[in-house]
Amino acid sequence: MKLDFLKKLNTKVVTIVAVIVVLVVGCGTALAIGLSHQARSAAEITEQEAKAIAFSDAGIAESDVLSLKISKDKENGADIYDIDFTTKDRSYDYDVLRNSGEIINSSYEVLSASNTDDTQNGSGSSQSASSNVGPESAGGTSSQKNGETNSSAGTASTITQDQAKTIALEDAGVQESDAQFIRVQEDYDDGRAVYEIEFYANGTEYDYEIAKDSGAIVKCDYDIENYTPQSGAGNSGTIISLEQAQELALSRVSGATASNIRIHLDHDDGRQIYEGEIYYNWIEYEFEIDASTGNFIEWSVDYKD
């Protein structure tokens, strides 16, 4: 009787001990997994790596930099390095994700001679806004490139900003010496990385979107600034016919026919214009034509994927 009681007692003790061991081991494993996840999420690239990524994308060497400022910031909830630097002829601004090294924004401005002199004589020394970089949780929107360093981010693009500028200028038929660039920056259009390029030349404003991976023109348009109708036909009340305006527009789109165009006569700022659209080969063209002269006032192209 006593022996049976001791056996039952030993069985209960063994069961309790086994449960305790399972709980201890399970908690230890969960704690280890949690610490491991925390360590992974805390990893981020250093300022030096972020700086190298920006310099590589801009196609410059560190020795070309006259001034530099790096600070930690947030962009749409994501932790980033905000990197601003200048060379003798340009001012650059980059946003680099701290958890992956991916460039999410980049732009530059061409400096005038006076601005360049100020940069060289003034804040020419390199400076860092946050020299003590510690591991912090990247948070925000993580990238598929998580874990990559400057080598991958620096070579992610197929074409550079300068190449995108050249593509836009050639399409517009404008010499670089005649153009005044207002904006050249990286952006996204329907999830696709593009360069947004805006410049003025010969009284006309040009806007382009160039695919960063291939150099293809995604969108383009131009507007004639401060345009006024020419004297002559416009003052006499004579305008070109609807058929003539249609022919002018179709002549710009090889292969398009009258079935691909919609056009109508309208008024804008006190003058008569022909306004319309052409849809051909999944591309949308929009235009405005001065009805008195036949000159194109506006022309835009939207390349549909």
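These numbers were taken from a predicted model, which means no experiment stands behind them.

**Focus: the overall build of the protein chain**
Then step 1. Regarding its fold elements, the protein chain presents seven helices and twelve strands.
Then step 2. Put simply, the protein chain has 305 residues, and 38% of those count as buried.
Then step 3. Within the protein chain, contacts between residues separated by at least 24 positions form 49% of all contacts whose residues are at least 6 apart in sequence.
Then step 4. Accessible area for the protein chain stands at about 17300 Å²; split by element, carbon and sulfur atoms hold 50% of it.

**Digging into the confidence of the model for the protein chain**
Then step 1. Confidence in the prediction of the protein chain, expressed as mean pLDDT, is 75, and 66% of residues score 70 or more.
Then step 2. Across the protein chain, element-level confidence peaks in helix 7 (residues 242-250) with a mean pLDDT of 95 and bottoms out in helix 4 (residues 150-154) with 36.
Then step 3. Residue range residues 119-155 is modelled with pLDDT below 50. Its contacts to residues more than four positions away, or to other chains, number 78 contacts.

**With respect to helix 2 (residues 47-58)**
Helical geometry: 3.6 residues make up each α-helical turn, so side chains three or four residues apart lie on a common side.
Then step 1. An ideal rise of 1.5 Å per residue puts 16 Å on twelve residues; helix 2 measures up with 17 Å between its terminal C-alpha atoms.
Then step 2. Those residues of helix 2 lying buried are Glu47, Ala50, Lys51, Ile53, Ala54, Phe55, Asp57 and Ala58.
Then step 3. Just beyond helix 2, the residue with positive phi is Gly59, at close to 75°.

**Some words on the pairing of strand 7 (residues 204-211)**
Then step 1. Counted residue by residue, strand 7 has eight buried out of eight residues, so it is predominantly covered.
Then step 2. Going residue by residue along strand 7, you find Thr204, Tyr206, Tyr208 and Ile210 tucked away on one face and Glu205, Asp207, Glu209 and Ala211 tucked away on the opposite face as well.
Then step 3. Pairing geometry for strand 6 (residues 192-201) and strand 7, over eight bridges, is antiparallel. Paired with Ala201 across the two strands is Thr204, which belongs to strand 7.
Then step 4. Here strand 6 hands over to strand 7 after two residues, with Asn202 in that stretch at a positive phi of 55°.
Then step 5. Hairpin connection between strand 7 and strand 8 (residues 217-224): a loop of five residues separates the two successive antiparallel strands, and Gly215 in this loop has a positive phi of roughly 85°.

**Some details on the pairing of strand 5 (residues 180-189)**
Then step 1. Direction of pairing for strand 5 relative to strand 6: antiparallel, over a ladder of nine bridges. What sits directly across from Arg183, in strand 6, is Glu198.
Then step 2. Counting the residues that bridge the hairpin from strand 5 to strand 6 gives two residues, and of these Asp190 lies at a positive phi of roughly 55°.

**Observations regarding the packing of aromatic side chains**
Then step 1. Under the defined criterion, the tally for this structure stands at eleven aromatic pairs.
Then step 2. For the ring pair Tyr206 and Tyr222, a centre distance of 5.8 Å and an interplane angle of 45° mean the geometry is tilted. Of this pair, Tyr206 sits in strand 7 while Tyr222 sits in strand 8, and the two are 16 residues apart along the sequence. The two residues Tyr206 and Tyr222 agree in class, both being buried.
Then step 3. With a centroid separation of 5.6 Å and an interplanar angle of 85°, the aromatic rings of Phe296 and Trp299 are classed as edge-to-face.

**Remarks on the side chain of Ser300**
Then step 1. Among the secondary structure elements, Ser300 is positioned in strand 12 (residues 296-303).
Then step 2. Taking the relative accessible area as the measure of exposure, Ser300 reaches 12% and is therefore buried.
Then step 3. Those residues in contact with Ser300 that sit more than four places away from it in its chain are Cys220, Asp221, Glu284, Tyr285 and Glu286.

**Focus on the nonpolar core**
Then step 1. Counting 55 residues, the largest nonpolar core has Ile83, Phe85, Ile197, Phe199, Tyr208 and Ile278 as its most contacted members.
Then step 2. With five residues, the single largest contributor to this core is helix 2.
Then step 3. Setting aside its immediate chain neighbours within four residues, Tyr208 contacts Ala168, Asp171, Ala172, Tyr195, Glu196, Ile197, Phe199, Ile217, Lys219 and Cys220.

**Examining helix 7**
Then step 1. Every buried residue of helix 7 is listed here: Ala245, Ala249 and Leu250. Mapping the buried residues of helix 7 onto a view down its axis gives an arc of 130°, with all of them on the same face. Among the exposed residues of helix 7, those pointing more than 90 degrees away from its buried face are Glu243 and Glu247.
Then step 2. In the core, the buried residues of helix 7 are packed alongside strand 9 (261-268), strand 10 (271-280), strand 11 (283-290) and strand 12.

The rules behind each value
Residue numbering note: each chain is counted from 1, following its sequence as written. Per-residue local features of the predicted model are confined to residues with pLDDT of at least 70, and side-chain atom pairs are confined, for both listing and counting, to 80 or more; whole-chain, interface and lining totals are unaffected and use all residues. Side-chain numbers come from the whole structure's heavy atoms, not from hydrogens or water. Each helix is a run of H or I in the DSSP string that is no shorter than four residues. Each strand is a run of E no shorter than two, and both are numbered from the N terminus. Accessibility here uses a 1.4 Å probe with only protein chains present; expressed as a share of the type maximum, an area under 20% marks a residue as buried, one over 50% as exposed, and anything in between as partly exposed. Whether two residues touch is decided by their heavy atoms; if any such pair falls within 4.5 Å, the residues are in contact. Surface accessibility in these figures is a Shrake-Rupley result with a 1.4 Å probe; residues are shielded only by whichever protein chains are displayed. A residue's pLDDT is simply how confident the predictor is in it, with values from 0 to 100. The span one expects for a helix is its residue count, reduced by one, times 1.5 Å. At least two DSSP bridges between two strands are required for those strands to pair. When two rings of Phe, Tyr or Trp (its six-membered ring) have centres within 6.5 Å they constitute a pair, described as stacked for plane angles under 30 degrees, edge-to-face for angles over 60, and tilted for the intermediate range. The term nonpolar core refers to a set of buried residues drawn from Ala, Val, Leu, Ile, Met, Phe, Trp, Tyr and Cys, joined through side-chain atoms within 4.5 Å. An arc is given here, and it is the one of the directions from the helix axis to the C-beta atoms.

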